[in-house]
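The lines below spell out each chain.
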Amino acid sequence: MLFNLNEFLMSVSFALDFVEMDVLGVPSNHGKRVAYIALKVGQYLGLSSKELHDIVSLAILHDNGVSEKNLYNNLMCKEEINLNEVEVAKKHCIIGEENIINYPFLTDVKNIIKYHHEKYDGSGFFKLKGDEIPIMAQIIQFANDMEMNNNFKSDKKEEIISFIKERENVSFSHKISRAFIEIARDEKFWININNESINNIIKKKHQVIA
Ligand SMILES: [Fe+2]
Ligand SMILES: [Fe+2]
(Lines give C-alpha, C1' and ligand atoms only; values in the text may rest on other atoms or scores of the structure.)
(Ligands and ions follow the chains in the order given, each with its own letter.)
Protein backbone atom coordinates (compact mmCIF):
# COMPACT_ATOMS: atom_id res chain seq x y z
CA MET A 1 0.00 0.00 0.00
CA LEU A 2 1.36 3.41 -0.92
CA PHE A 3 1.11 5.94 1.87
CA ASN A 4 0.85 9.55 0.79
CA LEU A 5 2.15 11.72 3.61
CA ASN A 6 0.91 14.96 2.08
CA GLU A 7 -2.63 13.66 1.68
CA PHE A 8 -2.50 12.38 5.25
CA LEU A 9 -1.30 15.73 6.57
CA MET A 10 -4.11 17.52 4.74
CA SER A 11 -6.66 15.14 6.27
CA VAL A 12 -5.19 15.83 9.70
CA SER A 13 -5.42 19.54 9.01
CA PHE A 14 -9.19 19.27 8.49
CA ALA A 15 -9.57 17.38 11.78
CA LEU A 16 -7.42 19.96 13.58
CA ASP A 17 -9.52 22.70 12.04
CA PHE A 18 -12.59 21.39 13.83
CA VAL A 19 -10.78 21.09 17.18
CA GLU A 20 -9.49 24.64 16.83
CA MET A 21 -12.87 26.02 15.84
CA ASP A 22 -14.31 24.23 18.85
CA VAL A 23 -11.69 25.18 21.41
CA LEU A 24 -10.14 28.39 20.14
CA GLY A 25 -13.11 29.79 18.27
CA VAL A 26 -10.97 30.50 15.22
CA PRO A 27 -12.60 30.53 11.79
CA SER A 28 -12.17 27.50 9.56
CA ASN A 29 -8.90 27.02 7.67
CA HIS A 30 -6.86 28.71 10.45
CA GLY A 31 -3.98 26.21 10.22
CA LYS A 32 -3.94 26.30 6.45
CA ARG A 33 -3.85 30.09 6.32
CA VAL A 34 -1.02 30.08 8.88
CA ALA A 35 0.75 27.56 6.61
CA TYR A 36 0.25 29.73 3.53
CA ILE A 37 1.58 32.88 5.22
CA ALA A 38 4.53 30.93 6.66
CA LEU A 39 5.30 29.47 3.25
CA LYS A 40 5.29 32.89 1.56
CA VAL A 41 7.44 34.50 4.27
CA GLY A 42 9.80 31.50 4.27
CA GLN A 43 10.18 31.71 0.50
CA TYR A 44 10.88 35.41 0.68
CA LEU A 45 13.53 34.88 3.37
CA GLY A 46 15.28 32.24 1.29
CA LEU A 47 14.50 29.03 3.20
CA SER A 48 15.57 25.88 1.32
CA SER A 49 12.93 23.72 -0.36
CA LYS A 50 13.24 21.11 2.39
CA GLU A 51 12.79 23.78 5.04
CA LEU A 52 9.76 25.11 3.16
CA HIS A 53 8.30 21.63 3.08
CA ASP A 54 8.80 21.34 6.83
CA ILE A 55 7.50 24.79 7.69
CA VAL A 56 4.22 24.02 5.90
CA SER A 57 3.86 20.75 7.86
CA LEU A 58 4.74 22.48 11.13
CA ALA A 59 2.38 25.37 10.49
CA ILE A 60 -0.49 22.97 9.82
CA LEU A 61 0.36 21.11 13.01
CA HIS A 62 1.30 24.13 15.14
CA ASP A 63 -1.69 23.91 17.50
CA ASN A 64 -1.95 20.13 17.56
CA GLY A 65 -1.32 20.32 21.34
CA VAL A 66 -4.84 21.63 21.98
CA SER A 67 -6.24 18.31 20.77
CA GLU A 68 -4.60 16.44 23.66
CA LYS A 69 -7.40 14.81 25.63
CA ASN A 70 -6.85 16.32 29.07
CA LEU A 71 -6.11 19.79 27.78
CA TYR A 72 -9.08 19.65 25.41
CA ASN A 73 -11.44 18.48 28.17
CA ASN A 74 -10.11 21.13 30.46
CA LEU A 75 -10.66 23.89 27.96
CA MET A 76 -14.09 22.64 26.96
CA CYS A 77 -15.22 22.56 30.62
CA LYS A 78 -14.88 26.31 30.88
CA GLU A 79 -18.12 28.20 30.51
CA GLU A 80 -16.50 30.84 28.42
CA ILE A 81 -13.45 30.17 26.30
CA ASN A 82 -11.11 33.10 26.25
CA LEU A 83 -9.12 32.94 23.05
CA ASN A 84 -6.09 34.63 24.54
CA GLU A 85 -6.19 32.46 27.62
CA VAL A 86 -6.18 29.39 25.41
CA GLU A 87 -3.55 30.63 23.03
CA VAL A 88 -1.29 31.54 25.90
CA ALA A 89 -1.62 28.09 27.45
CA LYS A 90 2.05 27.14 27.56
CA LYS A 91 1.06 23.52 27.85
CA HIS A 92 -0.17 23.24 24.26
CA CYS A 93 3.32 24.19 23.04
CA ILE A 94 4.97 21.45 25.07
CA ILE A 95 2.38 18.79 24.26
CA GLY A 96 2.40 19.81 20.60
CA GLU A 97 6.18 19.43 20.43
CA GLU A 98 6.06 15.98 22.03
CA ASN A 99 3.31 14.80 19.69
CA ILE A 100 5.28 15.44 16.51
CA ILE A 101 8.62 14.07 17.65
CA ASN A 102 8.48 11.07 15.28
CA TYR A 103 7.03 12.85 12.27
CA PRO A 104 9.32 12.39 9.24
CA PHE A 105 10.51 15.97 8.77
CA LEU A 106 13.27 16.66 6.25
CA THR A 107 15.31 19.09 8.35
CA ASP A 108 16.06 19.65 12.03
CA VAL A 109 12.85 21.12 13.41
CA LYS A 110 13.47 20.57 17.10
CA ASN A 111 11.58 23.06 19.31
CA ILE A 112 9.81 24.86 16.47
CA ILE A 113 6.35 23.91 17.78
CA LYS A 114 7.52 24.40 21.35
CA TYR A 115 8.52 27.99 20.58
CA HIS A 116 5.66 28.95 18.26
CA HIS A 117 4.43 31.63 20.70
CA GLU A 118 7.82 33.17 21.54
CA LYS A 119 7.95 36.92 21.05
CA TYR A 120 10.89 38.78 19.58
CA ASP A 121 11.23 41.02 22.65
CA GLY A 122 11.58 38.03 25.00
CA SER A 123 8.09 38.25 26.54
CA GLY A 124 6.94 34.79 25.39
CA PHE A 125 6.44 31.67 27.52
CA PHE A 126 10.05 30.54 27.45
CA LYS A 127 11.61 34.03 27.46
CA LEU A 128 13.67 33.44 24.34
CA LYS A 129 14.65 36.70 22.71
CA GLY A 130 15.44 37.82 19.14
CA ASP A 131 17.39 35.31 17.11
CA GLU A 132 17.59 32.87 20.02
CA ILE A 133 14.18 31.87 18.64
CA PRO A 134 14.65 29.47 15.69
CA ILE A 135 13.72 31.22 12.43
CA MET A 136 10.94 28.75 11.57
CA ALA A 137 9.36 29.34 14.99
CA GLN A 138 9.61 33.10 14.41
CA ILE A 139 7.84 32.76 11.06
CA ILE A 140 5.06 30.54 12.45
CA GLN A 141 4.58 32.89 15.42
CA PHE A 142 4.20 35.78 12.97
CA ALA A 143 1.82 33.88 10.69
CA ASN A 144 -0.30 32.74 13.64
CA ASP A 145 -0.43 36.23 15.17
CA MET A 146 -1.45 37.67 11.81
CA GLU A 147 -4.10 35.03 11.23
CA MET A 148 -5.60 35.28 14.71
CA ASN A 149 -5.86 39.05 14.68
CA ASN A 150 -6.74 40.01 11.15
CA ASN A 151 -9.55 39.49 8.80
CA PHE A 152 -7.69 38.97 5.56
CA LYS A 153 -9.63 41.07 3.11
CA SER A 154 -7.75 43.07 0.54
CA ASP A 155 -9.62 46.24 1.55
CA LYS A 156 -8.05 45.84 5.00
CA LYS A 157 -4.51 46.00 3.66
CA GLU A 158 -3.71 49.31 5.35
CA GLU A 159 -5.10 48.15 8.70
CA ILE A 160 -3.03 44.98 8.49
CA ILE A 161 0.13 46.89 7.65
CA SER A 162 -0.33 49.17 10.66
CA PHE A 163 -0.99 46.09 12.84
CA ILE A 164 2.40 44.80 11.72
CA LYS A 165 4.19 48.09 12.26
CA GLU A 166 2.87 48.35 15.83
CA ARG A 167 4.28 44.93 16.66
CA GLU A 168 7.60 45.17 14.83
CA ASN A 169 10.54 44.30 17.13
CA VAL A 170 8.03 43.48 19.90
CA SER A 171 6.20 40.41 18.61
CA PHE A 172 8.35 39.74 15.58
CA SER A 173 11.45 40.99 13.80
CA HIS A 174 11.76 43.84 11.35
CA LYS A 175 13.06 41.31 8.80
CA ILE A 176 9.84 39.25 8.95
CA SER A 177 7.47 42.19 8.89
CA ARG A 178 9.31 43.69 5.88
CA ALA A 179 9.06 40.34 4.12
CA PHE A 180 5.31 40.27 4.66
CA ILE A 181 4.83 43.85 3.49
CA GLU A 182 6.59 42.93 0.22
CA ILE A 183 4.50 39.78 -0.18
CA ALA A 184 1.31 41.75 0.46
CA ARG A 185 1.97 43.87 -2.64
CA ASP A 186 0.99 40.91 -4.80
CA GLU A 187 -2.78 40.70 -5.41
CA LYS A 188 -2.44 36.93 -5.76
CA PHE A 189 -1.62 36.70 -2.06
CA TRP A 190 -5.01 38.19 -1.14
CA ILE A 191 -6.87 35.96 -3.56
CA ASN A 192 -5.15 32.82 -2.27
CA ILE A 193 -5.48 33.63 1.44
CA ASN A 194 -9.23 34.09 0.98
CA ASN A 195 -9.68 30.97 -1.11
CA GLU A 196 -11.93 28.46 0.69
CA SER A 197 -9.95 25.72 -1.04
CA ILE A 198 -6.61 27.02 0.20
CA ASN A 199 -5.72 23.39 1.00
CA ASN A 200 -5.35 22.75 -2.74
CA ILE A 201 -2.96 25.67 -3.13
CA ILE A 202 -0.83 24.40 -0.24
CA LYS A 203 -0.95 20.80 -1.45
CA LYS A 204 0.43 21.81 -4.83
CA LYS A 205 3.40 23.58 -3.24
CA HIS A 206 3.95 21.02 -0.54
CA GLN A 207 5.76 18.36 -2.53
CA VAL A 208 7.72 15.61 -0.78
CA ILE A 209 11.31 16.23 -1.74
CA ALA A 210 13.12 13.39 0.01
FE1 LIG B 1 -0.68 28.07 19.57
FE1 LIG C 1 -2.93 28.96 16.04
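Here we summarise the structure given alongside this text. What you are looking at is a predicted structure, and each value in this text was computed from that prediction instead of being measured.

**What about the pattern of salt bridges?**
- Tallied over the full model, the rule gives 7 salt bridges.
- Taken together, the shared-partner salt bridges connect Asp145, Glu166 and Arg167 into one network.

**Here we look at the packing of helix 1 (residues 5-23) against helix 11 (residues 198-205)**
- Running from amino to carboxyl end, helix 1 crosses helix 11 at an angle of 150°, the nearest separation of the two axes being 11 Å. The angle between helix 1 and helix 11 places the two elements in the roughly antiparallel class. Seen along the crossing, helix 1 lies across helix 11 with a hand that is right-handed. Taking contact as the criterion, the partners of Glu7, Met10 and Phe14 in helix 1 are, on helix 11, Asn199, Ile202 and Lys203.
- Its residues placed into classes, the contact of helix 1 with helix 11 shows 3 nonpolar, 1 polar and 2 charged.

**Quick look at the coordination of the iron ion (ligand 1)**
- Taken together, Asp63 (OD), His92 (NE2), His116 (NE2) and His117 (NE2) make up the full set of protein donors to the iron ion (ligand 1), lying 2.1 to 2.3 Å away.
- All donors of the iron ion (ligand 1) come from a single chain, and their spacing in sequence reads D-x28-H-x23-H-H.
- The metal-metal distance between the iron ion (ligand 1) and the iron ion (ligand 2) is 4.3 Å, with Asp63 coordinating both. With Asp63 in the loop between helix 3 (49-61) and helix 4 (69-77) and His92 in helix 6 (residues 90-99), this pair connects stretches of sequence that are 29 residues apart. You'll find Asp63 and His92 in the same group, each marked buried.

**Brief notes about the nonpolar core**
- Counting residues in each nonpolar core, the largest one holds 55 residues, and the members touching the most others are Ile37 and Phe180.
- Secondary-structure elements contributing two or more residues to this core are helix 1, helix 2 (30-44), helix 3, helix 7 (135-149), helix 8 (157-167), helix 9 (174-183), helix 10 (187-193) and helix 11.
- Residues within four places of Phe180 in sequence aside, it is in contact with Ile37, Phe142, Met146, Phe152, Ile160, Ile164 and Phe189.
- Formed by 6 residues, the second largest nonpolar core is a distinct cluster that contains Val19, Val23, Val66 and Met148.

The rules we used
- Residues numbered from 1 in each chain as written.
- Chains lettered and ligands numbered in written order.
- Predicted model: local features only at pLDDT ≥ 70, side-chain atom pairs only at ≥ 80, totals over all residues.
- Heavy atoms only, no water.
- Salt bridge = Lys/Arg side-chain N within 4 Å of Asp/Glu carboxyl O.
- Axes fitted to C-alpha atoms, helices over the stretch in contact; angles between N-to-C directions.
- Helix = DSSP H or I, 4+ residues; strand = E, 2+ residues; numbered from the N terminus.
- Parallel < 35°, antiparallel > 145°, perpendicular 65-115°, else oblique.
- Left-handed = near helix turned anticlockwise from the far one by under 90°.
- Contact = heavy atoms within 4.5 Å.
- Nonpolar A, V, L, I, M, F, W, Y, C, P; charged D, E, K, R; others polar.
- Donors = N, O, S within 2.8 Å, 3.2 Å for Na, K, Ca; no water.
- Buried < 20%, exposed > 50% of the residue type's maximum accessible area, 1.4 Å probe, protein only.
- Core = buried A, V, L, I, M, F, W, Y, C linked by side-chain atoms within 4.5 Å.

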